[in-house]
Every structure is written in C-alpha cells, then in structure tokens.
Amino acid sequence: MRPTQTTPHTAASVPPTTATQLPQLGAARNPGTALDMAWVRSAQANTSAIERRVASLPGRRSVKGAYQAAWLARAVSCIDLTTLSGDDTADRVARLCAKARQPVRADILAQLGLPGLQVGAVCVYHEMVAPAVRALAGSGIPVAAVSTGFPAGLSPLPLRIAEIEASVQAGAQEIDIVISRRHVLGGDWGALYQEMRSFRAACGGAHVKAILATGELGSLRNVARASLVCMMAGADFIKTSTGKESVNATLPVSLVMLRAIRDYYQRTGHKVGYKPAGGISKAKDALSYLALVHDELGTGWLHPDLLRFGASSLLGDIEQQLEHHVSGAYSAPWHHPMG
Amino acid sequence: MRISEIFETMALGPAPESAAEAQAWLQRHSAGFGHFINGRFTPAQPAFDSTNPATGARLARLSHAGQPEIDAAVAAAGRAQRRWAALGGHGRARYLYALARMVQKHARLFAVLEALDNGKPLRETRDIDIPLVHRHFYHHAGHAQLLEAHFPGQGPLGVCAQIIPWNFPLLMLAWKLAPALAAGNCVVLKPAEQTSLTALLFAQICHEVGLPRGVVNIITGDGETGAALAAHPGVQKVAFTGSTDVGRAIRRATAGQGKALTLELGGKSAYIVCEDADIDSAVEGLVDAIWMNQGQVCCAGARLLVQEGIAETFLARLRARMAKLRLGDPLDKCIDIGAIVSAQQAQRIAQMLATAPEGSVYQPAQPSLPEGGHFVPPTLVCNLPQAHPLMQEEIFGPVLVACSFRTHAEAIELANNTRYGLAATIWSENINLALGLAPQLVAGVVWINCTNMFDAAAPFGGLRDSGFGREGGPEGMAAYLAPVAKGQPAKPVPAFGPRQGATPASAGLPAIDQTQKLYIGGKQARPDSGYSQPVYGAKGQLLGHAPQANRKDLRNAVQAAQAARGWASSSGHARAQVLYYLAENLQSRADALAHALNDMTGRRDGMAEVDTSLERLFTYAAWADKYDGRVANVPLRGLALALRGPVGVIGALCPDDLPLLGLISVLGPALAMGNRAVVVASQPFPLVAGPVYQLLETSDIPPGVANILTGQHAELAPHMARHAGIDAIWGFSNTNLSADIEAASADTLKRTWVNNGRNPDWFGPAGAGRAFLDAATEVKTVWVPYGE
C-alpha cells in the first residue's frame, strides 16, 4: 500500500495558479446589488431549447490527447473534495485532506508536468472544520463548510446565522449555504434576497456559495430567477445542489445558471463563480461541464476561483483517465491511493 | 503544446476523426466511378472530379451521364417497375428495412464520406444527417407495409426522376428514394455533381441487399444531365430539390408531359424573436438556424426579426456567441462550422456580401484555417433597408440579416414580405402569442422555440417560390401515388350553332330580356370588354347571351377574392352551414335548372346533374369540419402539428360537358376547405353561370368568396396561370390546356392541377375524391416542443 499522507508542498514546488484556491483571487468580490424585480421577472428559461443545447454539446466539443489530460487536471484543481456523512470522524477527514494535497499519484503528475496539482477545497460539515483546517495547514487549500441547516435549511434563522459564524470562527474560508426553497416556490423573491443578504453578512471575510437545490425548485425558470436574486444579494458562488436532493447537478440546470452568471456579469461587471454538485462522477461528465463553462462564460471562468465541482467520487475516475494518458493502458481503481 | 500550458490557457485542441476507412473505400475506386444502372456499375469514364471542399484535394473521379446512359437508366427503371409494384407492400417493406439497417451498419463510413465530400462538420453528418437517413428508411418501410390499408385505390406513378442538391446529399437521397420505393415506383436519381459519393456508396448497398435490378438507378452528372433526365419521356414523376431558377426551368420543360412534379426550392425564412422569449436560447437557436451546414440550408432562418425592446441586448449576445463558433476542418470533432461546398459557392457569397454598405457587416476574427479550403466565417448584417438584395435574396451561406419590429402584426408583415414561403421560426414564452402567430406565417413549416427540426413523419415543403409538394409522412407518400382509376378522356365539347328558324317568333308580348353578367365580389358585373356571345341550344335556338370575360375581369375577380380573406378563418362549421344552405336553395330551383340544363346541353340528364350536384354539396358540407390535420408522431417531447389550411385563392377552369355538376364539383371542395375561388364556367354552356350566381347570392356566401366568369378557356387560362394573386390553378376544361397552364405557371411557381386530357367520372365517387380535398388544402407543419 502506498502512503496516503504526503508532506506539505513548499511554496516553491507549487505552480502559482495552485498556490491558493481562494475565490475571487484576481477580482473584487461580488458586493451584490439592489433587488431588481423587473430584471428577475424578465428571466426566461425554455426547457426544451436548453436540453437541446446541452445534448449537442458533447458532439461539438471533443477534447482529446494532451488537451484532455490538461482539462482533466484542471477539473481536479476545481474539485471541492467532499465528505458529508453522519459517520465522518477527524481521522477520516484527515485522510481526505491528504488526498486533497496529493489528489493524483506523484509519478503521474510528474509525467504530466503538473507536480503541484491540488484540489480546490475540502468541503465538510461544521464539526469537521477544525480537523480539516489542522490537516490542511500550510497547503493553501481552503476548508469549506456546508451550513445553515444543510441540507434542508429549515432550522431557525438565528441558528442558521450562528452556524455560519461558528464555522467561520473555526477556520472555514468558504461557507456553502442553502437557500429556503419555499421562498422560490412561493415567489417571495424579497424574502430570498433578505435571507441571502443576512447569510452573506454573517460570512464576513469568508466566501459564500449559495446552494439553490435546483432539483427542488420546480422549473428552470425558477432556477434562473433564484440565481439572479442570490447574486444580487452578494453570493460569491452559486451552486446547484446539496447532493442530497433526488436530482442534483445536471447540464440543463448548469446552462441556466451559467447564463444567469453571464447576464449578471454583463450588467454589473461582477464575476460570480459556479459550482455544480452531486452526480458528477465520471471524467467524461467533468469534461462536458468544463466545455459548457468554456463556451458560455469563457476560459476566465475555468479556474478554481470561479469554478468548483462538488464531488466525492469524480476524482477516482479522473485519476484512472490520467494514468491511461501517461501509460497508454487502461487503469483500475486500486492503482490509486484512496482518500 | 505542453500539458502545463494547456492547463493554464484551457484552449481547445484538435480532435480529428480518422478518414482511413473512407479513404480506403475511395482508393478501391481510384479508377473512377461509373453509373449504377440496372443493378450494376457501368465502366468508369471519368469526366469530372469530386473534391474535398476543406482542402481542395481530389476525392474521386466521376462519370458524366449523357443521353445513352439516361436512356439506359430510365429503361431499366421502366422494366423493373411492374414487378416491383407487384411485389406488394410487405415485400417492398423488407427491402426498405434492409436498406435502413445497412445505412445504420455503415453509419460512420457514410458520415465521414459525407463530411469529406460536402465540407460540413462531421458532428452534423454523424449526429443529424445519417441518423435522419436511416430514420427515413425505417419510417417508409412502414409506409410500404401499410400502403394498401392507408391508401386504398392508389398506386405508383411509374418511373421517378429525382434530382437532389449538394447540401444534404444522402439525406435528400433518402427523402426522395424512400417514399418513391415504398409506393412501388422505380427511380433514376441524380445526385449533385459536387456531392455524389455517398449516393454511390448507397448504390453499392442497394446491390448488397439484393434490391431487384433497375429499381434504383443512380447516375452522375451536372445540371445538363438533370435537365435531360427530367425531360425524358419515359419518366412519370419528377422530384427536384434545389434552386428556384432550376425549379422553374423544370416546370417549363415538363409542362404538358403529364408528369407529376414536386419542387423543394429556396427560401429566406424568418426567425422571429419576441421580447418575452428566452433570449439566450433564441440566440443559440440561430446557431442551428443559419450556421448549421454553413447556412447552406434551404429553410435556414436567414432573416432575424427581433422585437425593438430587446434588439440591442439580443444582437450583443448574438455577436458574443458568434465569436465562440469554431471554424475549421470538417473532420475535427471540435468545430462548429466547416467548409463551403465549392469555390463557386464561396465566391457567390462573397460577391453578395460585397454589396453590403460599410459598417453593416460583423464577422468575428478567425484563427488560421486549413489551406486550400473554402471557408466563410459566421456573418451578421444589420441596418439594411428591406429592399437591399441581401434582405431579399437567398444567400445560401452563413449570413444572417437582421432587422427589428415593433408589434407582432408588423413581425408577420415583415416575415411574409418575401417571394419565398418555406419555413419560419418563432421564439416566445407565451403560448397564446406563438400559436397565434404560426397560422399567419406564409410558410410550409413553422418552428416554435426551436428551429431546423426534421423527421420522416413530419411533412416538409414550401409555398410561393419555395415550391410545392411535401416530403415526409403520409402527405409525402401521396406525392408518389395516384388513383388507380385513370378517368375518362375529356373530349372537346363544341358550342351549338344557330339554326335558321329554330327560335320561333313569339306571339304576343316578348319575354323580358334577361342579361347574364359576370359574378365578381358578390355583384353582377358587366364584362370589361363590353362583348357578349350568343349561346344556342342543341336545336339551334338562341338561349341567351353570355359575357366574355377578359384579363381585366379576371384581375377584378382575383382582387375581390383576395379581399374576402375572412372566409379562410371562418369555422368549418360555418362553412358547412353555407354549403348546406346552398344545397337547400338549389333544391328549390331543381326543376327549372334541370330544364335549363337540358336546353343547354341537348341531353336529358339535367335532373341527374342537379341531383348529383345536391349530393356533392352535402359531401363537401360534411367534409368542411372533418378534413383534419394530424399530430405527426415524431421523436420529440412536443407536438408536430400537420395542419391543413386553405390554399388561398384558387382559379379553376370548369369542365365543359357538365355545366352545373362540373362547376359545383370544383366550387364545393374549394369553398369547403376555406379557399376563395375564381372559376370560369363551362365554355360551350356558359348560361349555367346566371342561375348559379343567383343561388350564391341567396345562400349567405360572403362577397368575393366565389366569383364566376364566362368566356374562352384558352384565352383566360394563361392569365390565370401567371397571376401572382392566384395561389393554385385547376384545369378541368375539355379544351386540353394542361401544357399551357403548366408552362405559364412557372413564373409564379403556382400549384397546378391539370387533367392532361382526362377528367374523372363526375357522376361517380372519383368526382369528389380525396384528391379534391388534398388539392384544396396546404399542409403546414408546426413544431411545438413543450415541457418546463
């Protein structure tokens, strides 16, 4: 068995882009705007057309050879390596953090010419924040905490806000909040805006990702409008799902959210990040998401400061694909150290 | 490039599809291709090359079919046809099924070969063209199987000459061959000279599945070959897809030859974006509308009409999207736009674009492109007056012209302000709006919140200069079938002359003179010429005088008919009531009319004519609310509605021998289906017009819906055929004017239905057959995807 724990990288061995994955590295955070209801109501999303667009995407954007290897490595750099289980322990989280530091076998990374590759962040529940911060010390990898009564978001508002503050206190640099789906389903956009504003305020310097739980919003039009409202209220990222809904990240939902991000950027000049989460488990899927972001937002969004994958098993498949790229032979899961 | 660099830039790289298999197939035929005639390839006599538009490299050497080859191919098809028809629907279904399977088995080879030969991206040939091809053969294997049940009394036409274009080479082959073969016809097909290769590979497959010799013949050559094939006397049907000019030439060349004809021609289709649309999806739709196949698509959404309130943001987003489109090697699986089919076509596009004023053209900057290829970047042209040729003419390239509209009514006006009528697209999230606009668009296909959707079960075809006939579904099958009963010779019926003393001098007071007039716009009108013609009975007695209509009377009648457009949107129920009422009134005058008819014709079947006319009116009153469209069963979450609507204004020359029944047999279906009619009554027996218009006047028929002229058929027919305001012309005159009508209709590409010297038995069921309802309706396919 290969050791799962690796020594922290020194600053010198880490390429500049992976030295830190804090969001909004090169740009000001999204301060939000006033709630613009005319804008929100004008947002449309035609489901059939959106489905056709994403269905034709894999046929239009094929990434092969060295390009595929580079794109998959880029996907790794954008992973929020996640464990959100009731049986999480400090040791389990430490193992995951070790994997975050060395997500792909060093010999493979050496051959790819990407020796310092790390994931985007480690994502845990509040109780696991402190162990994760300890385990990641010196790596530059931020800890993200799911919060606000994750996944349902139905605990009392003061407790949800207190939860954010506690996680920030414990060292979380990113907070993944869940919105109240009932505000969307009831069309109470003002309430959603206020809720998001208060979460953002509670985060302070930590960056906030707004989980829309798109599988529970009823329509793509609601997804588009909820995306806009959360961005107006100051979200740094918008994120599809908790991973706990029956339908999580999909390409149609992603297209709607990416278009909302583009619209928001064009109107306000603020770049908001995107995080699809749940259900992305294959390297091929990751390539489709990257291609979609590439085409809809551009290469500027293909970095961990504006793109994350919320995933636990995706990394395993990418590792095998990367080994195949350097060896020419198909790989197996047990060739790669687990996290 | 190093992986670490790509990791930073996140550039897209080449993703080439191998052409090895296709090149090996071409290599095996490096001596050149012959024609596929009578089940085998003729020896190659290379006369011209097929080249790769992306590189200019020669792919293959092809033979040019001259008259001897055309004769051989038509003769082979003629010899094979009877046995092929006799094989029955099930037998033909087996062959079509085998063809579908074989296309599927060789799907990638076809896709790569098509991309090499045509220059379109492999993504399209692989994901669109070839899947639609085997879908088409599967679907039509089913039509063969069900033919006897679905089309009783119908049979094949014989030998079909099929001439197809270069933009969808194998797909157009499938659209042409599959229904023709399913119906029991045999075929001589000529692919475009630029793109013959997949047709030749298909010929090989026909051989492999053991298709009987002569059932499919494929000959290669240029427009000269096509023209000679279409004109060949051994051909009973011509099906052409291509340019409007060539379509016109074929119409003229085949006039009077008794050939069935369908034409799928050009277009300048509108793409309407309303302010409540999903703007990003509508922008993306344009990628499929005008940049699919480099815009070389007859139904391409080439005219963008965007509502003023969103025009600025829409165009900004569109330009941003255009900048993301990747142009390049068609075999690269990571490009959006390939090569223009030929240097000639690329030059034509460039020449047209050169007429655009400074500053009106946007083309995103392009990285380096393959050398030797013909590439045109995606192009947007704004701020041109409607009269500019770029706004009016089909460019057949990746060029979108844009303008804005204020109201939905204005959008419809702009969309319909064109000679073409192929397709249209509407984007709106409001179902009331979208479904309300669709019927107002003059187009054979309307796509709502989607574009360029095709399926074997959904009829496709155009109006106006975009041609006539439908392909796909049972409507497309009908274009390859005809009633087995061939009707009876329509012999000329001379008018009776005067005979001395035949009109006895009346004792006592003379009868009050009755002046018959023309019936135009609900009014009795004197003829423009000021001339009337005496009309005599069989015994030479003077029966009265009939006005002689000329082209100005025709013009006035058409004007009146056009103004009566409310009839088209009246309900079937309302039209039925009017026709029943007409029957009621006819009955009350039955005796007098029967006597008058006997006087006119010198026969004794006047009462039979009246009775059958009554029944006929009942038949069409019954049909008025029953000749429905259908929901085509297409693979889509949504509806593809094949709606049946009126043709518009129908001009008709009535049969001569049965003055009343003939007139009613023409007027009945036209009016029942919502058309307005301008009919010329029986030439020898024009005095039927008076009693009939008196009936019309008393039967609540709105003014202008039915207009009746009397006069010389031969004089009026060409004016009717050339009148741009008449949408279809029916020629049932016993004077055989079929050739004149068809030739004169070429300018307006009017739908013609001529008798070629044979009329149906007007007293029998054929006198009120489905053919009348089909001719009185146009099919419009409206695609409505749905789902939140």
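Keep in mind that this is a model prediction, so the values were computed, not measured.

1. A few points about the overall build of chain B
Regarding its fold elements, chain B presents 27 helices and 35 strands. Taking 788 residues into account, the globule formula puts the C-alpha radius of gyration at 28 Å, and chain B, at 28 Å, falls close to it. With the C-alpha coordinates of chain B rotated into their principal frame, the extents come out at 115 × 60 × 45 Å. Scored against the burial criterion, the 788 residues of chain B give a buried share of 61%.

2. Describing the nonpolar core
Membership of the largest hydrophobic core comes to 150 residues, with the highest contact counts inside it found for Phe137(B), Phe202(B), Leu304(B) and Leu318(B). Looking at this core element by element, the count peaks at 12 residues for helix H7 (residues 169–183) of chain B. Filtering out sequence-adjacent residues up to four positions away, Leu318(B) remains in contact with Val283(B), Leu286(B), Trp291(B), Leu304(B), Leu380(B) and Leu400(B). By size, the runner-up hydrophobic cluster in this structure holds 110 residues, among which are Ala75(A), Leu96(A), Ala135(A) and Val293(A).

3. Quick notes on the pairing of strand E3 (residues 143–146) of chain A
All names here are of chain A. The two faces of E3 match: Val143 and Ala145 on one face and Ala144 and Val146 on the other face are all buried. Taken together, the three bridges between strand E2 (residues 121–124) and E3 define a ladder with parallel strand orientation. Looking across to E3, one finds that cysteine 123 is bridged to alanine 144. Tracing the backbone out of E2, into helix H6 (residues 129–135) and back to the parallel element E3 gives a crossover that is right-handed. As judged from the three bridges shared by E3 and strand E4 (residues 174–178), these two strands associate in the parallel manner.

4. Notes on a nonpolar patch on the surface
On the surface, a cluster of nonpolar side chains totalling about 270 Å² of accessible area is made up of Val631(B), Leu639(B) and Tyr786(B). Mapping Val631(B) onto the fold places it in strand E27 (residues 630–632).

5. Regarding the sheet that holds strand E12 (residues 301–307) of chain B
All names here are of chain B. Taken together, the 10 strands give an open sheet; going across it, the order is E13-E14-E15-E12-E11-E17-E18-E35-E28-E27, and neighbouring strands pair in mixed fashion. Strand pairing shows two members of the sheet lacking a second neighbour, strand E13 (361–362) and E27, which therefore form its edges. Note that strand E14 (residues 379–381) and strand E15 (residues 399–405) share three bridges and pair parallel. For threonine 379, the partnering residue across the bridge sits in E15 and is valine 399. On the sheet, helix H12 (residues 308–324) packs against strand E11 (269–273), E12, E13, E14 and E15 and is oriented at approximately 140 degrees with respect to E12.

6. What about the interface of chain B and chain A?
Counting residues at the interface gives 42 residues for chain B, matched by 46 residues for chain A. At the boundary of chain B with chain A, total buried surface from both sides reaches about 3700 Å², with 51% on carbon and sulfur atoms. The largest per-residue losses of area from chain B upon contact with chain A belong to Ile3(B), Phe7(B) and Met10(B), which jointly make up 21% of the total buried on that side. Applying the counting criterion to the chain B and chain A interface returns nine salt bridges. Taking the shortest distance from any N to any O, the salt bridge between Arg637(B) and Glu51(A) comes out at 3.1 Å. Applying the counting criterion to the chain B and chain A interface returns 21 residue pairs in polar contact (both at pLDDT 80 or more). If you list the elements that add at least two residues to the side of chain B that touches chain A, you get helix H1 (3–9), helix H6 (122–150), helix H11 (279–290) and H12 of chain B. Examining the composition of the side of chain B that touches chain A, we find that six residues originate from one element, H1(B), more than from any other. Of the residues assigned to the side of chain B that touches chain A, the class counts are 18 nonpolar, six polar and 18 charged.

7. With respect to the layout of surface pockets
Residues and elements named next belong to chain B. Quantified by volume, the second largest pocket comes out at close to 1500 Å³. Together, 45 residues line the second largest pocket, and Val442, Pro646, Val647, Gly648 and Asp727 are the ones closest to its centre. Of all the elements in the fold, those that place two or more residues in the lining of the second largest pocket are strand E19 (463–464), helix H19 (566–569), helix H20 (572–588), strand E28 (638–646) and strand E35 (777–785). Across the lining of the second largest pocket, the residue classes break down as 17 nonpolar, 12 polar and 16 charged.

8. Some thoughts on the confidence of the model for chain A
Across chain A, the average pLDDT comes to 93, with 92% of residues at 70 or higher. For residues 1–21 of chain A, every residue scores under 50 in pLDDT, and the model assigns this stretch 40 contacts once sequence neighbours within four places are set aside.

Rules of the game
- Residues numbered from 1 in each chain as written.
- Chains lettered and ligands numbered in written order.
- Predicted model: local features only at pLDDT ≥ 70, side-chain atom pairs only at ≥ 80, totals over all residues.
- Heavy atoms only, no water.
- Helix = DSSP H or I, 4+ residues; strand = E, 2+ residues; numbered from the N terminus.
- Rg over C-alpha atoms; globule rule 2.2 N^0.38 Å.
- Buried < 20%, exposed > 50% of the residue type's maximum accessible area, 1.4 Å probe, protein only.
- Core = buried A, V, L, I, M, F, W, Y, C linked by side-chain atoms within 4.5 Å.
- Contact = heavy atoms within 4.5 Å.
- Pairing = 2+ DSSP bridges.
- Right-handed = clockwise from strand over helix to strand, strands pointing away.
- Patch = residues over 30% accessible without salt bridge, like charges linked within 9 Å, V, L, I, M, F, W, Y side chains within 5 Å.
- Areas by Shrake-Rupley, 256 points an atom, 1.4 Å probe, with all protein chains shown as cover.
- Salt bridge = Lys/Arg side-chain N within 4 Å of Asp/Glu carboxyl O.
- Axes fitted to C-alpha atoms, helices over the stretch in contact; angles between N-to-C directions.
- Buried area = accessible area lost by both parts, 1.4 Å probe.
- Polar contact = N/O pair within 3.5 Å; in protein donor to acceptor, adjacent residues only side chain to side chain.
- Nonpolar A, V, L, I, M, F, W, Y, C, P; charged D, E, K, R; others polar.
- 1 Å grid on protein atoms, 1.4 Å probe; cavity = no way out; pocket = protein on both sides within 12 Å on 5 of 7 lines; lining within 4 Å.
- Points joined across faces, edges and corners; volume = space filled by probe spheres on them.
- pLDDT = per-residue confidence, 0-100.

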